[in-house]
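Now for the letters of each chain:
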Amino acid sequence: MNCIKYLSLSAVVVLALACTGQKKAGTIGADETVEARVEALLGKMTLAEKIGQMNQVSAGGDVSNYADAIRKGQVGSILNEVDPVKINEFQRLSVEETRLGIPLLVGRDVIHGFHTIFPIPLGLAATFDPALVEEGARIAALEATAQGVRWTFSPMLDIARDPRWGRIAEGSGEDTYLDTRMAEAMVYGYQGRKADTTSMAACVKHFVGYGAAEGGRDYNSTFLTERQLRNFYLPPFEAAIKAGAMTLMTSFNDNDGVPSTGNTFVVKDILRGEWGFDGLVVTDWNSMGEMINHGFGEDRKDVAEKAANAGVDMDMMTYGFLSHLEELVRSGAVKEKTIDNAVRNILRVKIMLGLFEHPYVDVEAAKAVQYAPTHLAAAQKAAEESAILLKNNGILPLKGQSRILVTGPMADAPWDQLGTWCFDGQKEHTITPLKALQERFPGQVTYVPGLRFSREKRDRFDDVVSAARGADVILAFLGEESILSGEAHCLADLNLIGSQSELLAALKATGKPVVATILAGRPLTIERDLPNCDAVLYSFHPGTMGGPALANLLTGEVNPSGKTPITFLRTVGQAPLYYNHNMTGRPYQGETLLADIDLEAGQTSLGNTSYYLDYGAYPLFPFGYGLSYTTFEYSNVSLDKKEYGKEDQIAVSFTLANTGECRGTEVVQVYVRDLVGSLTRPVKELKCFERVELNPGENRIVTLQIPVQELAFWGLDGTKKVETGEFQLWVAGDSASGEPLTFSVK
Ligand code: GLC
């Protein structure tokens, strides 16, 4: 074991931590100089040139395919080109061969790294480490902007409560507060704390409610009320806008019958009106055109009108603006001042990124930035912190076992461990768990995959079983390929796919200790596999450096600290199941389950509460859950007051002790419940978290501060405010633990 045994004097340290990063409302930080430049340029533009700025094209392939359109001033932005030589040529055409020389905005889906790939965003959320996530986004920006990409379609802020949804991989899970902290971190990381040529405009997406697709089927309709939007789905976007996000993307879904790309209420009234957003709003890929499929518009002209009048600035790949806006303006269906505002938003972003001064990149210099050792080190740290220890009977960390069997379809899958939305990651740079373990334990590792890929079906595993007999410990790397999550890749069955469970059972039958490491894009339903595993380490596709990270975690070089950013279900039939649900009038109390039901049971003998006869109402692992190689104990939890005013700060103090034998980090979490409100309120909501690292035997007094204003919600009267009354507060290492304290707000 690599942990050092020692006793430290109990240290008393007060950590006064503000748990909110709330920023001033409003704009993307433009000043009067920028505004003057915007107005001066806008004043010179013809209507056709203005409309050209509102058109974005996907420009993979030969530059010549787009040269004519660019020269005509019909392209304001391109996406899907990352070759710096081609990007320079695209920019040269726009800057040197058009009347006004307005540079292009070059966009790309840089979702969790550009070349150096970090864990998928769901894994990044599992770190509960905004500073690390910001560092990762900064590294992505350094690599991408060096090649001329100055706009990323990230962070994705869609709250997701249904793991059947493939894009759950791409967001920060089910919790609004965690999502908000991750959103701010990525905006700061991408754009930089100061604007320069490494600033990459963030694009908060998908606005709004996309993750609530009915049935977890991508692109499906959502039915979120205004109060649900305001209390759960909009706050991360509002925080990201306040953090200075320069752009936003509308979503594919129709919410309550209105597709977002034509939704005046969310785009014009809330985003522009209430929040004062003056950045760029872009549609999703042809989401304007898809409003025809939705039956929300007759044809491209109709949907172009609806999108423009809703407040959309740029059209991704419908060509609706380019084809119809001039006619719509001539007819008065769309006012030219609407066009002017859209173009202002576009020019503002281009000016703030410095594109007019620096439209070109240094192709040679760009090469040295990619995969820099410091980038790889940061990606490894992120992969280490994102892994979640779900089960451990003591077999981990490895204790010098000399004969190691490595098996499973994800042990040596350099492309798939990069995860979904990995356009520019290169598998040649990936270090897989197998490679890392072979390097760590030369001559001690036997590799028998058992399954070539996760979906493979096999009914016998003689080769693996035979190898297992000669091993001291079995390390099985299981899960799903990257293509099984992500956009449009939803699953109705979340069990380990193919014959992976059968492989585990065969391994268990050998009597050797089995450690399962699962690499996936979503929380899979692994209850049936747990009996066959002595330990389970869960890694949401960990990226380029996943191998060394997982090796460090398995050997104890690094102590796991990840926490579940999403509820792990016992079975997919429980979906959706999330921690911050309402109490209902009949909360589950652990009632009768199927096995206990008598024959000819009378109707009144059953539970009469909100649960399933076969699976109850509790998850396999709750939100915020994760084990460590050490143990932590919370004690002396106290509040500085019993009663608070609405402008007060709640100071919660507690002693955290490392009661185990190894240094470790605990993500301490603070949850609050509003006992009685003008609306029914969640049974608890995360309001603060902090990573606290302790030596074995060390005690630390921690104090966390939460503004009472964090308890505000959008109530029955349609305003957001803190309501007076009684509250409960928990401090714990996950959403299902701890005993509540009570306090009141007067
Ligand atoms: C996709 C996605 C969106 C992405 C865009 C450009 O369909 O929905 O998230 O940014 O197209 O690739």
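Relevant structure appears above.
All of these numbers come straight from a predicted model, not from anything done at the bench.

A.B. asks: Got a minute to help me understand the environment of Gly486 in this structure?
C.D. replies: With respect to the helices and strands, the residue Gly486 is situated in the loop between strand 15 (473-479) and helix 19 (500-509). What makes Gly486 buried here is its relative accessible area of 0%. Along the chain, Gly486 and Gly521 lie 35 residues apart, while their C-alpha atoms are 7.6 Å from each other. Non-local contacts of Gly486, meaning those with residues more than four positions away in its chain, are made with Gly166, Arg167 and Thr420.

A.B. asks: Would you mind showing me how to read the sheet that holds strand 26 (residues 725-732) here?
C.D. replies: Strand pairs in the sheet, formed through backbone hydrogen bonds, run parallel or antiparallel to each other. Spatially, 5 strands are ordered 19-27-26-21-22 in an open sheet, and the strand pairing comes out mixed. The sheet is open, and its two edges are formed by strand 19 (643-644) and strand 22 (685-694), each paired on a single side.

A.B. asks: Looking at this structure, how should I read the packing of aromatic side chains?
C.D. replies: Here a ring pair, both rings aromatic, is described through the centre-centre distance and the interplanar angle of the planes. A complete count under the given rule lists 23 aromatic pairs for this structure. Centre to centre, the rings of Tyr579 and Phe623 are 4.7 Å apart; their planes meet at 15°, and the pair counts as stacked. With Tyr579 in the loop between helix 20 (546-555) and strand 18 (632-639) and Phe623 in the loop between helix 20 and strand 18, this residue pair connects regions lying 44 residues apart in the sequence. Ring pairing ties together the aromatic residues Phe128, Tyr177, Tyr579, Phe623, Tyr671 and Phe689, which thus form one cluster. If you follow Lys205 out to its NZ or CZ, it ends over the ring of Trp421, 5.3 Å from the centre.

A.B. asks: Is there a simple way to explain the state of the cysteines in this structure?
C.D. replies: Linking two cysteines covalently through their sulfur atoms gives a disulfide. Applying the stated criterion to the full structure yields 0 disulfides. Residue Cys203 stays outside any disulfide, its sulfur separated by 19 Å from that of Cys422, the closest cysteine. A relative accessible area of 0% places Cys203 in the buried class. Counting only cysteine sulfurs, Cys422 is the nearest neighbor of Cys490, a cysteine outside any disulfide, at a range of 20 Å. The class of Cys490 is partly exposed, set by a relative accessible area of 27%.

A.B. asks: Honestly, the site of the ligand in this entry has me stumped. Any pointers?
C.D. replies: Taken together, 13 residues are adjacent to the ligand, and Asp109, Arg167, Lys205, His206 and Asp284 come closest. At 2.7 Å, a side-chain N or O of Lys205 approaches an oxygen atom of the ligand. With respect to the ligand, the side chain of Asp284 contributes an N or O atom lying 2.6 Å from an oxygen atom. Taking 310 Å² as the accessible area of the ligand by itself, protein coverage stands at 94%. Taken together, the residues of the shell around the ligand break down into 7 nonpolar, 1 polar and 5 charged.

A.B. asks: Mind showing me how you'd approach the sheet that holds strand 2 (residues 55-58) here?
C.D. replies: As summarised here, the arrangement of the 5 strands in space is 5-4-3-2-11, forming an open sheet in which the pairing is parallel. Where the open sheet ends on each side, the last strands, each with one partner, are strand 5 (151-152) and strand 11 (315-316). For strand 2 and strand 11, the ladder comprises 2 bridges, and the chain directions are parallel. Each residue of the ladder has a partner; that of Gln56, found in strand 11, is Met316.

A.B. asks: Sorry, what's going on with the pattern of salt bridges here?
C.D. replies: Pairing between side chains of opposite charge can happen when their charged atoms approach one another. Summed over all chains, the structure comprises 48 salt bridges. With a shortest N-O distance of 2.9 Å, Arg92 and Glu89 are connected by a salt bridge. Taken together, the residues Arg92 and Glu89, both in helix 4 (residues 84-96) and 3 residues apart, mark about one turn of the helix. Residue Arg92 is classed as partly exposed on the basis of its relative accessible area, which comes to 25%. For Arg455, the salt bridge is made with Glu481, and the minimal N-O distance between the two is 3.4 Å. Residue Arg455 is found in the loop between strand 14 (445-447) and helix 18 (462-469), and its partner Glu481 is found in the loop between strand 15 and helix 19; the two are separated by 26 residues along the sequence. Accessibility expressed as a relative area gives 39% for Arg455, which makes it partly exposed. Of the residues examined, Glu481 reaches a relative accessible area of 4% and is grouped as buried.

A.B. asks: Just checking my understanding: could you explain the packing of helix 17 (residues 433-440) against helix 20 for this structure?
C.D. replies: Helix-helix packing is described using two parameters, namely the angle between the two axes and the distance between the axes. Between helix 17 and helix 20, whose axes approach to 7 Å, the crossing angle comes to 55°. By the angle class used here, helix 17 and helix 20 are oblique. Classified by chirality, the crossing of helix 20 by helix 17 is right-handed. Residue-level contacts link Pro433, Ala436, Leu437 and Arg440 of helix 17 to Gly547, Pro548, Leu550, Ala551, Asn552 and Thr555 of helix 20.

A.B. asks: Would you explain helix 4 in this entry?
C.D. replies: For the α-helix, the turn length of 3.6 residues means that residues three or four positions removed from each other point alike. Taking 1.5 Å per residue, 13 residues should reach 18 Å; helix 4 reaches 17 Å between its end C-alpha atoms and fits that length. Every buried residue belonging to helix 4 is among Pro84, Ile87, Asn88, Phe90, Gln91, Leu93 and Ser94, and all of these are buried. Among the structural elements, helix 3 (64-71), strand 3 (77-79), strand 4 (105-108) and helix 15 (363-369) are those in contact with the buried residues of helix 4. Between the side-chain oxygen of the N-cap and the backbone nitrogen of Val85 there are 2.8 Å, and the N-cap of helix 4 in question is Asp83.

A.B. asks: Would you explain helix 12 (residues 300-310) in this entry?
C.D. replies: Every buried residue belonging to helix 12 is among Asp302, Val303, Ala304, Ala307, Ala308 and Ala310, and all of these are buried. If you follow the buried residues of helix 12, they end up packed against helix 10 (264-274), helix 11 (290-293), helix 13 (320-331) and helix 14 (336-352). One side-chain oxygen of the residue at the start of helix 12 lies 3.2 Å from the amide nitrogen of Lys301, identifying that residue as Asp299. Of the residues trailing helix 12, Gly311 is marked for its positive phi of about 110°.

A.B. asks: Can you help me understand the environment of Trp714 in this one?
C.D. replies: Its location among the elements puts Trp714 in strand 24 (residues 713-714). Taking the relative accessible area as the measure of exposure, Trp714 reaches 15% and is therefore buried. Remark: the alpha-carbon pair of Trp714 and Gln228, spanning 486 residues in sequence, is separated by 8.7 Å. Ignoring any residue separated from it by four or fewer positions in sequence, one finds Trp714 in contact with Glu226, Arg227, Arg230, Asn231, Leu679, Thr719 and Lys720.

A.B. asks: Sorry, what's going on with the pairing of strand 20 (residues 649-658) here?
C.D. replies: Along a regular strand, successive side chains alternate from one face of the sheet to the other. The element strand 20 is largely enclosed, with a buried count of 9 among its 10 residues. Relative to strand 20, strand 18 runs antiparallel, the two being bridged by 6 bridges. From the neighbouring strand, Ser638 faces strand 20, where its bridge partner is Ser653. As paired elements, strand 20 and strand 23 (residues 699-707) share 9 bridges and run antiparallel to each other. Considered in strand 23, the bridge of Leu656 is made with Arg700.

A.B. asks: Can you walk me through the side chain of Gln380 in this structure?
C.D. replies: Within the fold, Gln380 resides in helix 16 (residues 373-386). Beyond its immediate stretch of four places on either side in the chain, Gln380 contacts Met545, Pro548, Ala549 and Asn552.

About the cut-offs
- Residues numbered from 1 in each chain as written.
- Predicted model: local features only at pLDDT ≥ 70, side-chain atom pairs only at ≥ 80, totals over all residues.
- Heavy atoms only, no water.
- Helix = DSSP H or I, 4+ residues; strand = E, 2+ residues; numbered from the N terminus.
- Buried < 20%, exposed > 50% of the residue type's maximum accessible area, 1.4 Å probe, protein only.
- Contact = heavy atoms within 4.5 Å.
- Pairing = 2+ DSSP bridges.
- Phe/Tyr/Trp six-rings, centres within 6.5 Å; stacked < 30°, edge-to-face > 60°.
- Lys NZ or Arg CZ within 6 Å of the ring centre and 35° of its normal.
- Disulfide = S-S within 2.5 Å.
- Near = heavy atom within 4 Å.
- Polar contact = N/O pair within 3.5 Å; in protein donor to acceptor, adjacent residues only side chain to side chain.
- Areas by Shrake-Rupley, 256 points an atom, 1.4 Å probe, with all protein chains shown as cover.
- Nonpolar A, V, L, I, M, F, W, Y, C, P; charged D, E, K, R; others polar.
- Salt bridge = Lys/Arg side-chain N within 4 Å of Asp/Glu carboxyl O.
- Axes fitted to C-alpha atoms, helices over the stretch in contact; angles between N-to-C directions.
- Parallel < 35°, antiparallel > 145°, perpendicular 65-115°, else oblique.
- Left-handed = near helix turned anticlockwise from the far one by under 90°.
- Expected span 1.5 Å × (residues − 1).

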